[in-house]
Amino acid sequence: MDTERLICDRARAVDASGIRRIFNLAAKLQDPINLSIGQPDFPVPDRVKDAAIEAIRTDRNGYTLTKGIGPLLDRIAAHLRFDIGWDVPGDDGLDCIVTSGTAGALTLLFLALIGPGDEAIIPDPYFAMYPYLATIAGGKAVRCEMYPDGRMTAERVEPLISERTKLVLFNSPNNPTGVVSTVDECKDLLELCRSKGILLVSDEIYDEFTFAGGVTDVAAGDGVSPRCPSPARLPGAEKDVLLIRGFGKTYGCTGWRGGYAVGPTPIIDAITRLQQYTFVCAPSPTQWGVLAAFDVDMTQHVADFQRRRDMVIERLQSVTEVAVPEGAFYAFPKVPEHLGLTGTEFVDRCIEQNVMIIPGNVFSGRDTHVRLSYAAPVAKIEQGLDIITKLMQG
Ligand code: PMP
């Protein structure tokens, strides 16, 4: 059988070779200083583990309703009422679905909205999956260049809008830059999308990882944790914003595949129909497990990431240009021009010295930067920074 002939254009269009190449090179390293990981380095809180284990033990292992288990949908609704003032499901035509990770929500959303010829505006730098979501759905991703400051502004988005634009995908705190948008930037973007009849999709997978002292919104109800500015918090936003959040990063359970999408009922209905005949439902032990997560205080972990951010940025700023991350756990420094190296070439040098980071072209049309993750032990981050900063000095 000629299996090559069987593979269709859609699958051929997805090229994961950049990232695979790095992992293949790194597989040869003994005990690498690994600053490439896109997930927290803390364990899942015991209460959350216990809740998932208890669900398995008590035989709650079957399919759930397509949209998710009732208690979790209720808990998400209570959280959103407290956090952003949305009433779900309410008279305002809002609904919610629990999905297989944030990626599950994004995939189904693109399948629901983007058909042949349709366009989705995505940030650049972007989370590696974004451009392919549009390709897989049969449409086109239009990249909004955000160099050098990493900000997705209405000014940068407006010229990219066409007759075929269905959605603008917004991600704050951003992967790979860690940049957090201001309230004014959210306002302008929402106004622009509204005026053009385009859906504003807010991927807030890192919402809980927002650092104090920056552009953060007023403190949350507990008076302690800072809140990430979000277009979803703006008056009347529920008519024009689709909010996507996840549990994997916040509670360190990325492999459990838990996330949710909330927004206008007709869009959630379309996603639900597609989930019914693809994923069927989000994993049931995950749903019961994360139900226990909302009451767990993760603020110490966030403060910990903030301290690491301070350390990373201080070191990087002394040798190169870098946008200051105000959330998530990444930094995206530029490879200094005097080196004459692409991001990929610089990463090769790092790997030669046992440090694993990711080249900018995995996250961008350009290959001028590198992403490092500080979801790693402090001693490892320090060792890695010693090598990276030395290489950047040339
Ligand atoms: N969006 C962004 C911005 C991400 O960084 C990631 C994961 N790295 C995802 C979505 C997908 O997350 P999940 O594991 O919940 O599917």
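Throughout what follows, the structure given in this document is the object of discussion. (Residues numbered from 1 in each chain as written. Predicted model: local features only at pLDDT ≥ 70, side-chain atom pairs only at ≥ 80, totals over all residues. Heavy atoms only, no water.)

1. Quick notes on the overall build of the chain
Keep this limit in mind: Elements are defined by DSSP. Helices are runs of H or I of four residues or more, strands are runs of E of two residues or more, and each kind is numbered from the N terminus. A contact between two residues is defined here by any heavy atoms of the two lying within 4.5 Å. Here, Shrake-Rupley sampling with a 1.4 Å probe gives the accessible areas, and only protein chains in the shown set may cover a residue. Charged-residue counts in this description rest on Lys and Arg as positive and Asp and Glu as negative, His and the chain ends being excluded. For the purpose of locating charges, the reference atoms are NZ of Lys, CZ of Arg, CG of Asp and CD of Glu.
When you go through the chain residue by residue, the secondary structure sums to 14 helices and twelve strands. For the chain, the spread of C-alpha atoms along the three principal axes comes to 60 × 55 × 50 Å. Considering only residue pairs separated by 6 or more positions, the chain has 75% of its internal contacts joining residues 24 or more positions apart. A total accessible area of about 16,800 Å² is found for the chain, and carbon and sulfur atoms account for 51% of it. With 39 positive and 51 negative side-chain charges, the chain shows a separation of 4 Å between the mean positions of the two kinds.

2. What about the pairing of strand S4 (residues 140–145)?
Filter applied, for reference: Any two strands with at least two DSSP-identified bridges between them are counted as paired. For crossovers, right-handed means that the path from the first strand over the helix to the second runs clockwise, given strands pointing away from the viewer.
Here strand S3 (residues 119–124) pairs with S4 via six bridges, running parallel. Note that in S4 the partner of Ala120 across the bridge is Ala141. After leaving S3, the chain enters helix H7 (residues 130–137) and then returns to the sheet as S4, a path that is right-handed.

3. A look at the site of the ligand
The criterion, for reference: Residues are counted as near a molecule or strand when any one of their heavy atoms sits within 4 Å of it. Whenever a nitrogen or oxygen atom comes within 3.5 Å of another N or O atom, the pair is scored as a polar contact, on the condition that within protein one atom can donate a hydrogen and the other can accept it, and that pairs from neighbouring residues in sequence are kept only if both atoms are in side chains. Each residue is assigned to one class: nonpolar for Ala, Val, Leu, Ile, Met, Phe, Trp, Tyr, Cys and Pro, charged for Asp, Glu, Lys and Arg, and polar for all the others, Gly among them.
Residues in contact with the ligand, as listed here, are Gly101, Thr102, Ala103, Phe127, Tyr130, Asn171, Asn175, Asp203, Ile205, Tyr206, Lys249 and Arg257. Between the ligand and Thr102 there is a distance of 2.8 Å, counted from an oxygen atom to a side-chain nitrogen or oxygen. Here an oxygen atom of the ligand and a side-chain polar atom of Arg257 are 2.6 Å apart. Burial of the ligand by the protein chains amounts to 92% of its free accessible area of 400 Å². Take the shell around the ligand: its biggest share by element is three residues, from helix H6 (residues 101–113). Here the shell around the ligand is composed, by residue class, of five nonpolar, four polar and three charged.

4. Points about the nonpolar core
Under the convention used in this document: Side-chain atoms within 4.5 Å are what join buried Ala, Val, Leu, Ile, Met, Phe, Trp, Tyr and Cys residues into a set we call a nonpolar core. To sort residues, take the accessible area from a 1.4 Å probe on protein chains only and compare it with the maximum for the residue type: under 20% means buried, over 50% means exposed, and anything in between is partly exposed.
The biggest cluster of nonpolar side chains holds 91 residues, and the ones touching the most others in it are Trp86, Phe346, Ile357 and Ile388. Every residue in contact with Phe346, bar those within four places of it in the chain, is listed here: Val335, Leu339, Leu341, Ile357, Val370, Ile388, Leu391 and Met392. If you look at the next biggest cluster of nonpolar residues, it comprises 25 residues, including Ile97, Leu108, Tyr130 and Ala137.

5. Things to note about the sheet that holds S3
Rule in force here: Here, axes are lines fitted to C-alpha atoms. For helices the fit covers the stretch in contact, and angles between N-to-C directions go from 0 to 180 degrees.
Pairing is mixed in the open sheet, where seven strands are placed in the order S2-S8-S7-S6-S5-S3-S4. The strands lining the two open edges of the sheet, one partner per strand, are strand S2 (94–99) and S4. Neighbour-to-neighbour, the strand axes of the sheet open up by a mean angle of 20°, direction not taken into account.

6. With respect to the pattern of salt bridges
We count it as follows: Only one rule defines a salt bridge in this text: a Lys or Arg side-chain nitrogen within 4 Å of an Asp or Glu carboxyl oxygen.
Inspection of the entire model under this criterion finds 25 salt bridges. Residue Asp87 pairs with Arg81 through a salt bridge whose shortest N-O separation is 3.5 Å. Since its relative accessible area comes to 36%, Asp87 is described here as partly exposed. The residue Asp83 makes a salt bridge to Arg245 at a minimum N-O spacing of 2.8 Å. Of this pair, Asp83 sits in helix H5 (residues 70–84) while Arg245 sits in strand S7 (residues 241–246); the two residues are 162 residues apart in sequence, bridging distant segments of the chain. Of the two residues, Asp83 and Arg245, both sit in the buried class. Here the salt bridges share partners, and the residues they tie into one network are Asp83, Glu204, Asp207, Arg227, Arg233 and Arg245.

7. Quick look at the packing of aromatic side chains
To keep it simple, the criterion reads: Put simply, two rings from Phe, Tyr or Trp (the six-membered ring, in Trp's case) pair if the centres are within 6.5 Å, and we call them stacked under 30 degrees between planes, edge-to-face over 60, tilted for the rest. Working rule: Lys NZ or Arg CZ, within 6 Å of ring centre, within 35 degrees of ring normal, means a charge sits over the ring.
Throughout the structure, instances matching the rule amount to 13 aromatic pairs. Here the aromatic rings of Tyr206 and Phe329 are separated by 5.6 Å at their centres, their planes lie at 85°, and the arrangement is edge-to-face. Of the two residues, Tyr206 is situated in the loop between strand S6 (199–203) and S7 and Phe329 in the loop between helix H12 (299–317) and strand S9 (330–331); the sequence distance between them amounts to 123 residues. Judged on exposure class, the residue Tyr206 and its partner Phe329 are both buried. Ring-pair connections join several aromatic residues into one group, and the members of that group are Phe42, Tyr206, Phe209, Phe305, Phe329, Tyr330 and Tyr374. When the ring centre of Trp288 is taken as reference, the NZ or CZ atom of Arg60 above it lies at 4.6 Å.

8. Some points on unusual backbone geometry
For the peptide bond that leads from Tyr147 to Pro148, omega is 0°, which places it in the cis range. Cis geometry marks the peptide bond from Asn175 to Pro176, where omega comes out at 20°. Within the element layout of this structure, Pro176 appears in the loop between strand S5 (165–171) and helix H9 (183–196). At Asp31, a position not held by glycine, the phi torsion is positive, near 45°. Structurally, the position occupied by Asp31 is in the loop between helix H3 (17–27) and strand S1 (33–34). Phi is positive for Val280, which is not a glycine, with a value near 70°. Tracing the sequence through the fold places Val280 in the loop between helix H10 (265–276) and helix H11 (284–291).

9. A closer look at a nonpolar patch on the surface
Heads up, the rule is: Residues qualify for a patch when their relative accessible area is over 30% and they have no salt bridge, like charges being joined within 9 Å and the nonpolar side chains of Val, Leu, Ile, Met, Phe, Trp and Tyr within 5 Å.
A surface patch of nonpolar side chains, about 210 Å² in accessible area, is lined by Val14, Leu111 and Ile136. Note that Ile136 resides in helix H7. Residue Ile136 is classed as partly exposed on the basis of its relative accessible area of 38%.

That's the geometry; what it means functionally is another story.
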